[in-house]
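# Architecture and fold: a report
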Amino acid sequence: MTVPIETGPAAGPAPGPGEAPGKDTGKDGALSGAWRGVLRYALAKLGGALLSIGMVVVATFFLFRMIPGDPAIAYTRDVPLTPDQLDLLRRQMGLDRPLPEQFLDFVLKALQGDLGTSYEYRRPVAELIGERLGPTLLLVGTGLTVAVTLGLWQGTRAAWNHGGRLDRFSTGISLVLWSVPTFWLGLLLLMVFAAGVGPIPGIFPTRGMEDVDAPGGPLYLLHVAHHLVLPCITLVAVVYAQYLVVMRSSLLDEIGQDYVTTARAKGLRDAEVRLRHAVPNAMLPTVTLVFLHIGLVVQGAVTTETVYSWPGLGLLFYEAIKGPDFAVMQGTFMVLCVAVIVMNTLADVLYHVLDPRVRSA
Amino acid sequence: MTLLEARDLHVEFTSRGRRARAVDGVNLTVGEGEIVALVGESGCGKTTLARTLLGLERPASGTVRYGGTPLAYSTRALKAYRREVQLVPQDPTGSLNPRHTVYEAVAEGPRIHGLRDERQRVASALSRAGLRPPERFFPLYPHELSGGQRQRVVIAGALALDPGVLVADEPVASLDASVRGEILALLLRLRAELGLSALVVTHDLGLAWNIADRVAVMYLGRIVESGPVEQVLGSPSHPYTQALLSVLPDSPAPVVLRGEPPDPTRVPGGCRFHPRCQVLAAGKAAEAGVDGRCRSQPLGILPAASGPQVACHFAEGSRTPA
């Protein structure tokens, strides 16, 4: 019999004892080696972050010197003064000295944790920031937790119903909210739910984190939570779309992968495939982006805090610009920038910890 | 004895309002310890047929049987079925979760099915798939392995469940020629040592020749010729099989098929191959007096017999007088 076909690869003898694994390192060696790599990477990233923070310090100082407005006049709150008095004041504030000298002074003091004294409040800036940090962390922390949870959950559902009604509805709503200006949405909610429109009574407080007559004890928490509702909703509505969209698209990528089919063929139910394979893998890019986007949340917090007079860093920053209160501006700006840099660094390092492919590379 | 069986299987998809008959009446059996190759060009429905045999796709009509029992599509029945019939997918890189280690990938099946002695099962599956010593591979991630090693891990993942049948969809298409031979040798060895049956889906006739006991040739959703590998690939009866074989490099006179590639949303009347049939075009069908039937009379669905069979008016006509 003739064999009219090309004889493919020979079905020869069985291959010998298994091929050597790609790496020579044994089990323990490979693991600790990988983690050593992560550590080295983290240290390098930390160095980069410190460099960025240094740049921020430089930029902060010179940026705010370019803003028009005389701090001496702002300091006296428009009380008429003679030019001599103003000169004296400027000398006391150190504004008469050459810029490089002022800068050196600023850096040396900042290193010791002294961010100067507020002209407006006549108190150390570091103290003011410490006071305002709590409310901001409460607002941003709560808002971010809700936004991330909501976004990831809706994104997962949207991807699983790809092209369906639920997908179009939830994606559409989130994108509309994302496109809405934060202050506008804030004012709208304030009008409807705090001031009350027509028959709707105002059910939430209009401003601040607590009233003068705030109750003590455990009731205080409820009191603050009541104040937190509207600012939090505003912040969540404006930022959760990005988490939804990122989760949705990365999950869609994963669903198309062959290993999802393999898992199904092994006997996993669809819901289990989603939980064990697709969602954890889709979380990888999402987690990174969550951290990278925290900068945007900080920006949203400035607007939200201003609209609702929330006594946080954002409001402090806004009030300082109106001053202009140089020391406070510099201080809050630096804190906000450092927060973003820290989060970005964390995102980079986290990616390495989470992804075995990058980890060992 | 028949292990895996497709009976009068139809699978349809609807795309842009048009019905595509991806699998359009297929009878196929895989016996115990038998390796059957399913060959055909891209888009002929062979992957869909494989997916349906795995229970990943639901047939529009017809049944998939395992050991004589029709497959039910309840969650529990599918789970039980998947212990017996396992998939070896085409692309080992894509079919391994990049964030699971080799151990986790192979252990997944036994975990799903609640099998005991997980560690021992994984080790035994890996060594049967040729990855020895298995413990060395446990902590590795897919990206640390070569393509051949990845395919071995995928095969080990299937073997960990001690299945009766492997359904391999182009198991070596994405591998280098040198590795290809090793994987094929592995499949043959598994058959010899474990009595494993396999349905190998491929467009590579050389592979079918090397590995299969029987071959089924698929064209546009139907099996047009089937039988022992020497018969079908040695002296093909169907013009389509002849054309496939004629374009292999050492063939004397290649037959280039004319016409559009087959479209499952528009299956031609009469013999479904007639618009591209070189025998009809050359007038040989007319000489035999079957050209009218080629164009108008549909052919019956081939039964799932193990002997040589062909669905062609011309071949039937020329065989009868002989």
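Note that the structure is predicted; figures quoted are calculated from it, not measured. (Residues numbered from 1 in each chain as written. Chains lettered and ligands numbered in written order. Predicted model: local features only at pLDDT ≥ 70, side-chain atom pairs only at ≥ 80, totals over all residues. Heavy atoms only, no water.)

## Points about the overall build of chain A
- Along chain A, the regular secondary structure elements total 14 helices and zero strands.
- Along chain A, from the amino end to the carboxyl end, the secondary structure elements read α-α-α-α-α-α-α-α-α-α-α-α-α-α.
- Residue burial in chain A is summarised as follows: out of 361 residues, 40% are buried.
- Counting contacts in chain A only where the partners sit at least 6 residues apart, residues at least 24 apart contribute 72% of the total.
- Here chain A has roughly 18700 Å² of accessible surface; of this, 67% comes from carbon and sulfur atoms. (Helix = DSSP H or I, 4+ residues; strand = E, 2+ residues; numbered from the N terminus. Buried < 20%, exposed > 50% of the residue type's maximum accessible area, 1.4 Å probe, protein only. Contact = heavy atoms within 4.5 Å. Areas by Shrake-Rupley, 256 points an atom, 1.4 Å probe, with all protein chains shown as cover.)

## Some remarks on the sheet that holds strand E6 (residues 85–88) of chain B
Residue and element names in this part refer to chain B.
- Read across the open sheet, the seven strands follow the order E6-E7-E8-E3-E9-E10-E11; overall the sheet is mixed. This sheet does not close on itself; its edge strands, each paired only once, are E6 and strand E11 (309–310).
- Relative to strand E8 (residues 197–202), strand E3 (residues 35–39) is paired through five bridges, and the arrangement is parallel. Counted as the bridge partner of Val 39 is Thr 202 from E8. (Pairing = 2+ DSSP bridges.)

## Section: the sheet that holds strand E4 (residues 61–66) of chain B
Residue and element names in this part refer to chain B.
- A sheet is described by the order of its strands in space; here four strands give the open sequence E2-E1-E4-E5, paired in antiparallel fashion. The sheet is open, and its two edges are formed by strand E2 (18–31) and strand E5 (69–70), each paired on a single side.
- Sheet topology note: the strand E1 (residues 2–15)/E4 ladder contains five bridges and is antiparallel. Within E4, the position partnered with Glu 5 by the bridge is Arg 65.
- Across the sheet, helix H1 (residues 46–53) lies against E1, E2 and E4, angled at about 120° from E1, the strand it touches most. (Axes fitted to C-alpha atoms, helices over the stretch in contact; angles between N-to-C directions.)

## Quick word on unusual backbone geometry
All names here are of chain B.
- Residue Pro 133 is bonded to the preceding Arg 132 through a cis peptide linkage, with omega at -10°.
- Tracing the sequence through the fold places Pro 133 in the loop between helix H4 (118–128) and helix H5 (134–137).
- With a phi angle near 50°, Asp 117 is a residue other than glycine that sits in the positive phi range.
- Within the element layout of this structure, Asp 117 appears in the loop between helix H3 (102–112) and H4.
- Exposure remark for Asp 117: the relative accessible area of 53% places this residue in the exposed category.
- Despite not being glycine, Glu 170 has its phi angle at roughly 45°, a positive value.
- Relative to the assigned elements, Glu 170 resides in the loop between strand E7 (165–169) and helix H7 (177–194).
- Judged by its relative accessible area of 8%, Glu 170 falls in the buried class.

## Observations concerning the packing of helix H5 (residues 125–160) of chain A against helix H12 (residues 313–322) of chain A
All names here are of chain A.
- Following both chains from N to C, one finds H5 and H12 inclined at 130°, their axes separated by 7 Å at the closest point. The angle between the axes of H5 and H12 places the two elements in the oblique class. In this structure, H5 uses Leu 128, Ile 129, Arg 132, Leu 133 and Thr 136 to contact H12, whose residues at the interface are Leu 313, Gly 314, Leu 315, Leu 316 and Glu 319.
- Of the residues that constitute the contact of H5 with H12, the class distribution is six nonpolar, two polar and two charged. (Parallel < 35°, antiparallel > 145°, perpendicular 65-115°, else oblique. Nonpolar A, V, L, I, M, F, W, Y, C, P; charged D, E, K, R; others polar.)

## Quick look at the pairing of E1 of chain B
Residues and elements named next belong to chain B.
- The sheet contact formed by E1 and E2 spans 11 bridges and is antiparallel. Note on E2: the bridge partner recorded for Thr 14 is Arg 19.
- Connecting the antiparallel pair E1 and E2 is a turn made up of two residues, with Arg 16 showing a positive phi of about 45°.

## A few points about the domain arrangement of chain B
Residue and element names in this part refer to chain B.
- In terms of domains, chain B is made up of domain 1 (2–212) and domain 2 (236–319).
- If you average the C-alpha positions of domain 1 and of domain 2, the two centres end up 30 Å apart.
- Contact residues are listed per partner, giving 14 residues for domain 1 and 16 residues for domain 2.
- Overall, the association of domain 1 and domain 2 removes approximately 1200 Å² of surface from exposure, summing both partners, and the carbon and sulfur fraction of that is 54%.
- Together, Asn 27, Glu 41 and Leu 205 form the three largest contributors to the area buried by domain 1 at its contact with domain 2, with a combined 39%. (Domains from an automatic or database assignment. Buried area = accessible area lost by both parts, 1.4 Å probe.)

## Examining the packing of aromatic side chains
- Counted according to the given criterion, the structure contains 10 aromatic pairs over all chains.
- Judged by centre distance (4.9 Å) and plane angle (70°), the rings of Tyr 103 of chain B and Phe 138 of chain B are edge-to-face. One end of the pair, Tyr 103 of chain B, is in helix H3; the other, Phe 138 of chain B, is in the loop between H5 and helix H6 (147–159), and 35 residues separate them in sequence. The same class applies to Tyr 103 of chain B as to Phe 138 of chain B, namely buried.
- Members of the aromatic cluster, each reached through a chain of ring pairs, are Phe 61, Phe 62, Phe 103 and Phe 106 of chain A. (Phe/Tyr/Trp six-rings, centres within 6.5 Å; stacked < 30°, edge-to-face > 60°.)

## Observations concerning the nonpolar core
- The biggest cluster of nonpolar side chains holds 104 residues, and the ones touching the most others in it are Leu 4, Leu 28, Leu 49, Val 106 and Leu 233 of chain B.
- At seven residues, H7 of chain B tops the list of elements feeding residues into this core.
- In terms of domain composition, this core takes at least three residues from each of domain 1 (2–212) and domain 2 (236–319) of chain B.
- Judged by nonpolar contacts, the second largest core, of 30 residues, contains Cys 232, Leu 251, Phe 291 and Ile 294 of chain A. (Core = buried A, V, L, I, M, F, W, Y, C linked by side-chain atoms within 4.5 Å.)

## Structural notes on a nonpolar patch on the surface
Residue and element names in this part refer to chain A.
- Judged by side-chain polarity, Phe 183, Trp 184, Leu 187 and Leu 188 come together as a nonpolar surface patch covering roughly 370 Å² of accessible area.
- Looking at where Phe 183 falls in the secondary structure, it is placed in helix H7 (residues 182–196).
- Judged by its relative accessible area of 43%, Phe 183 is partly exposed. (Patch = residues over 30% accessible without salt bridge, like charges linked within 9 Å, V, L, I, M, F, W, Y side chains within 5 Å. Salt bridge = Lys/Arg side-chain N within 4 Å of Asp/Glu carboxyl O.)

## A short note on the packing of H12 of chain A against helix H13 (residues 326–354) of chain A
All names here are of chain A.
- At a closest axis distance of 9 Å, the pairing of H12 and H13 adopts a crossing angle of 145°. For the crossing formed where H12 meets H13, the hand is left-handed. Across from Leu 313, Leu 316, Phe 317, Ala 320 and Ile 321 in H12, the residues of H13 making contact are Val 328, Met 329, Thr 332, Phe 333, Val 335 and Leu 336.
- Partitioned by chemical class, the residues of the contact of H12 with H13 number 10 nonpolar, one polar and no charged. (Left-handed = near helix turned anticlockwise from the far one by under 90°.)

## Structural notes on the side chain of Asp 167 of chain A
Residues and elements named next belong to chain A.
- Position of Asp 167 relative to the elements: it lies in helix H6 (residues 165–179).
- The exposure class assigned to Asp 167 is buried, which follows from its relative accessible area of 3%.
- In this view, Asp 167 contacts Ala 158, Asn 161, His 162 and Arg 248; residues no more than four positions away in its chain are not counted.

## With respect to the pattern of salt bridges
All names here are of chain B.
- Scanning the model with the defined rule gives 26 salt bridges over all chains in all.
- The shortest N-O distance in the salt bridge between Glu 34 and Arg 214 comes to 2.7 Å. Here the residue Glu 34 occupies a position in the loop between E2 and E3, and Arg 214 occupies one in strand E9 (residues 214–219), the gap between them amounting to 180 residues. Across this residue pair, the class does not change: Glu 34 and Arg 214 are buried.
- Taking the shortest distance from any N to any O, the salt bridge between Asp 263 and Arg 266 comes out at 3.3 Å.
- For Asp 263, a relative accessible area of 23% puts it in the partly exposed group.

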